[in-house]
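Examining the three-dimensional arrangement
Chain by chain, the residues run as shown.
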Amino acid sequence: MPENATEVTAAGIARLAGVGRAAVSNWRRRYADFPQPVGGTGTSPSFALSEVEAWLRDQGKLAEVPLRERVWQAVAGHPAGVGRALIHVGCALLLVRDRPTAWLELAATPDERMAALLPQAMEHVLTARFGPGADGVHGARAPEPADVHTAGAPDPRGVHGAGSPEPGGVHAPSERDLVPSVPLLRAAAELAAGIGAGQAFEFLLGRQLDANPRQYTLTPPQLAELMVDLAEPPKDASRAARERPVRSVLDPAAGTGALLRAVGGPADLYAQEADPALAALTALRLALAAGGTPRAAPGATARTAAPGPTVRTGDTLRADAFPELAADTVLCHPPFNERNWGHDELAYDPRWEYGLPARTESELAWVQHALARLRDGGTAVLLMPPAAASRRSGRRIRAGLLRRGALRAVIALPAGSAPPYGIPLHLWILRKPEPGVRPAADLLLADTAGLAGPAPDTSTGPGRPPGGKAAGGKAPGGGRERFDWPAVRSAVLDAWRDQADVEGVSRVVPVIELLDDDVDLAPARHLPRPASGGGAAGLGDVRERLTETLRLTSGLVPPTAAPAAPAHRPLTTVGELARAGALFLHSGTAAVPGGTAAAVLTEHDVLTGAAPTALPPTEREAPGGAPADDPVLLEPGDVVVPVLGGSTAARVVDASTAGAALGRNLQLLRPDPAAVDPWFLAGFLRGTANHRQASSYASTAARLDARRLQLPRMPLAEQQRYGERFRELAAFEDALRTAGRLGGQLVQGMYDGLTDGTVTPG
């Protein structure tokens, strides 16, 4: 293989061929001539792109590589690295969008001539967007990529240590740098002609973020939009964005720029990022997401106008790039749990107006930095770890924020809102105190965890094709929680705007009530969950429903079993029935229909007898950008069995469940009603001995092979006789579940009522 030849992973092959990754694994096993790995690891091998394309064409599986895939593979295989390639592409796309005529003239020249002319043309468009080169925004070379590709994580102290911040922005690449990039830039311009320059850059950046999610602090786009709305709540939804007054917005820990990208309407955007290459990508992303015509700030002269975002490089806490800024809004997703944030050298920093943060309280340092960069009355919204609301080492600063009226709300989000996905993160809303204005006497505490429950992984990565979500907006997936964002968003915004008590969601707490020894601001502590069973008033209704359910259950108790000798009946297997066409087998996937809300029958639903889980709409692409497999939609009479865990559950789909998608770790058996009765099938599949002989115990968890499940050979009429009895047993089981649930509500409700005084002993 030639040196520096482009390599592609199995996920990339799946994207090229328009199949799922499982199909690529099957090709590797089935075809001896499938290209051999040339790199990567044993668990994640990489292949030569040219060999893969040739093999796919020979097999008739690839007519032409999609343009977006060709561009991405060129970026991934760039000899200078992905980070440098993305910067080159971003500069070129700015030129394509802002000066299309100049680009067409350059594109008509040979590659060598184009590489010689591009630096000056790029310098012109970068100056128009980010300010004159005299201000240090541009130079002769692009910043050296650090962690933007696969070189590892940045130094937690920041790139520049305790020194002064460097002017950030984007540096025009040199002719030598651009020579290997010219074919890539031509292809990127072709892609932009079809989907737009901004979308093209979003797609490429998203692929990089998706391929290396642990190297970045990602803020999902839904969360970014919520934070923007909390900081700048729209007072008139019908008012056009261009009519709103220009405001200044700062993100002191910009990362990939997701928060500033969510800002709508005219705004002066300011960002600081420790890594210079990531700062350049953020500047390009924000500039390409803005309008095509440069907008000068009010009062700016031709020499000082910088209509694009102002991005600086440096460690924000040690080397603040905007010490004189008084922004209207600060949005921040700071790094969590930093220990080396500058505690010793910043001990006398004037930003610590509410107290010097402890070495373990880096988040409170970011809170005070945000307040220091606000104008009087300005609003800051920060994404915080839940421990920052209750750690004893931060109680003095939290008390100061409350006494001065700077902290206005603490809102707990459901787990899975943003990385780290297993933790229910908090939003802190702060407002810089105004001289002469009396501090607020109360604090809004809200908890939205009760609005979201666990759901299967139907997420998609940020590296989706045009039309998908923004780059860096990876939705919870891989075992993370999934929930209805519109419901969470609505509850949070309503609580913030109404400042009212809503049972189980929000409470306006007097500050004096919070100023105890701990100053614990965790919403869960001050916002008790709704009482089980609807409180004392609802216990009577629960008791009546339980009594009625128990009465019905008693009528469903199976009759006394009549002993009989073990039957020796001829058997067949599910696999044999499938080969004969008597039933069809389907495996569940994570895919759900895109564009509308969908219901998915999950493993949990089958085991508990619950209704299918409702999910918000998602894009039709699997994690990593591979096309998602088509969802399997349930039909009445289908039989669904879990394949993991060794349970003997089986569920017959009825009219209320039909239409839902089949979830992961489930096997669907669709019998021909003229040959196999569904209730007969489900009943015999639940036999303990049947499950044991059809399960594999090679790992710590048993796995069911549905094809090995056995059924007795019987005429259809005899099957229906057994099926009717199995149907009665299923009804009895459902009644027992309902009784158990109601009984649990009644018992817990009585405990709650007796302990809080709303119920008397009798």
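Now for a quick tour of the structure. (Residues numbered from 1 in each chain as written. Predicted model: local features only at pLDDT ≥ 70, side-chain atom pairs only at ≥ 80, totals over all residues. Heavy atoms only, no water.)

Right, let's get into the packing of helix α5 (residues 82-98) against helix α10 (residues 197-211). A packed helix pair is summarised by two numbers, namely the angle formed by the two axes and the spacing between the axes. Packing of α5 against α10 leaves a shortest axis separation of 9 Å and a crossing angle of 170 degrees. Classified by the interaxial angle, the pair formed by α5 and α10 is roughly antiparallel. Counting all contacts with α5, which are made through Val82, Leu86, Val89, Gly90, Leu93 and Arg97, the residues of α10 involved are Ala197, Ala200, Phe201, Leu204, Leu205 and Gln208. Of the residues in the contact of α5 with α10, the class split is 9 nonpolar, 2 polar and 1 charged. (Axes fitted to C-alpha atoms, helices over the stretch in contact; angles between N-to-C directions. Helix = DSSP H or I, 4+ residues; strand = E, 2+ residues; numbered from the N terminus. Parallel < 35°, antiparallel > 145°, perpendicular 65-115°, else oblique. Contact = heavy atoms within 4.5 Å. Nonpolar A, V, L, I, M, F, W, Y, C, P; charged D, E, K, R; others polar.)

Backbone-to-backbone hydrogen bonds pair the strands of a sheet. The strands run either parallel or antiparallel. Reading across the sheet, the 4 strands line up as β15-β21-β18-β19 and stay open at both edges, with antiparallel pairing between neighbours. At either margin of the open sheet sits one strand with a lone partner, and together these are β15 (583-587) and β19 (651-652). Pairing of β15 with strand β21 (residues 666-671) involves 5 bridges; the strand directions are antiparallel. Paired with Ser587 across the bridge in β21 is Gln667. On top of the sheet, helix α22 (residues 678-685) reaches β15, β18 (639-642), β19 and β21; it is set at about 15 degrees to β18, its chief contact. (Pairing = 2+ DSSP bridges.)

Moving on: the pattern of salt bridges. Here the structure, examined in full by the defined rule, presents 34 salt bridges. Of the charged contacts in the structure, one is a salt bridge between Glu53 and Arg57, with a shortest N-O distance of 3.8 Å. Of the two residues, Glu53 and Arg57 are both situated in helix α3 (residues 49-58); the distance of 4 residues between them amounts to about one turn of the helix. Notably, a salt bridge pairs Arg84 with Asp177, separated by 3.8 Å at the nearest N-O pair. Taken as a pair, Arg84 in helix α5 and Asp177 in helix α8 (residues 175-178) lie far apart in primary sequence, 93 residues in all. Taken as a pair, Arg84 and Asp177 share a single burial class, namely buried. Counted as one network, the salt bridges with shared partners bring together Arg392, Asp518, Asp520 and Arg525. (Salt bridge = Lys/Arg side-chain N within 4 Å of Asp/Glu carboxyl O. Buried < 20%, exposed > 50% of the residue type's maximum accessible area, 1.4 Å probe, protein only.)

Glancing now at the side chain of Thr316. Here Thr316 is to be found in the loop between β7 (310-313) and β8 (327-332). Among the polar contacts listed, one links the side chain of Thr316 to the backbone oxygen of Pro252, at a separation of 2.5 Å. Here Thr316 is in contact with Pro252, Gln272, Arg351, Trp366 and His369, once residues within four sequence places are set aside. (Polar contact = N/O pair within 3.5 Å; in protein donor to acceptor, adjacent residues only side chain to side chain.)

With that settled, the discussion passes to the nonpolar core. Among the nonpolar cores identified, the biggest contains 90 residues, and Leu230 and Leu427 are the most heavily contacted of them. Residue contributions to this core peak at 11 residues, all from α5. Apart from residues lying up to four places away in sequence, Leu230 is in contact with Thr379, Val381, Ile411, Leu427, Ile429, Val492, Leu493 and Trp496. (Core = buried A, V, L, I, M, F, W, Y, C linked by side-chain atoms within 4.5 Å.)

Moving on: the sheet that holds strand β1 (residues 7-9). With respect to topology, 3 strands assemble into an open sheet ordered β1-β3-β2, the strand pairing being antiparallel. Across the chains shown, the open sheet's two edge strands, defined by having one partner strand only, are β1 and β2 (39-40). With 3 bridges connecting them, β1 and strand β3 (residues 45-48) associate as antiparallel partners. Considered in β3, the bridge of Val8 is made with Phe47. Taken strand by strand, helix α1 (residues 10-17) contacts β1 and β3, and its axis lies near 90 degrees from that of β1. Sheet strands in contact with α3 are β1 and β3, and its direction is about 75 degrees off that of β3.

Distances and angles like these do not, on their own, reveal function.
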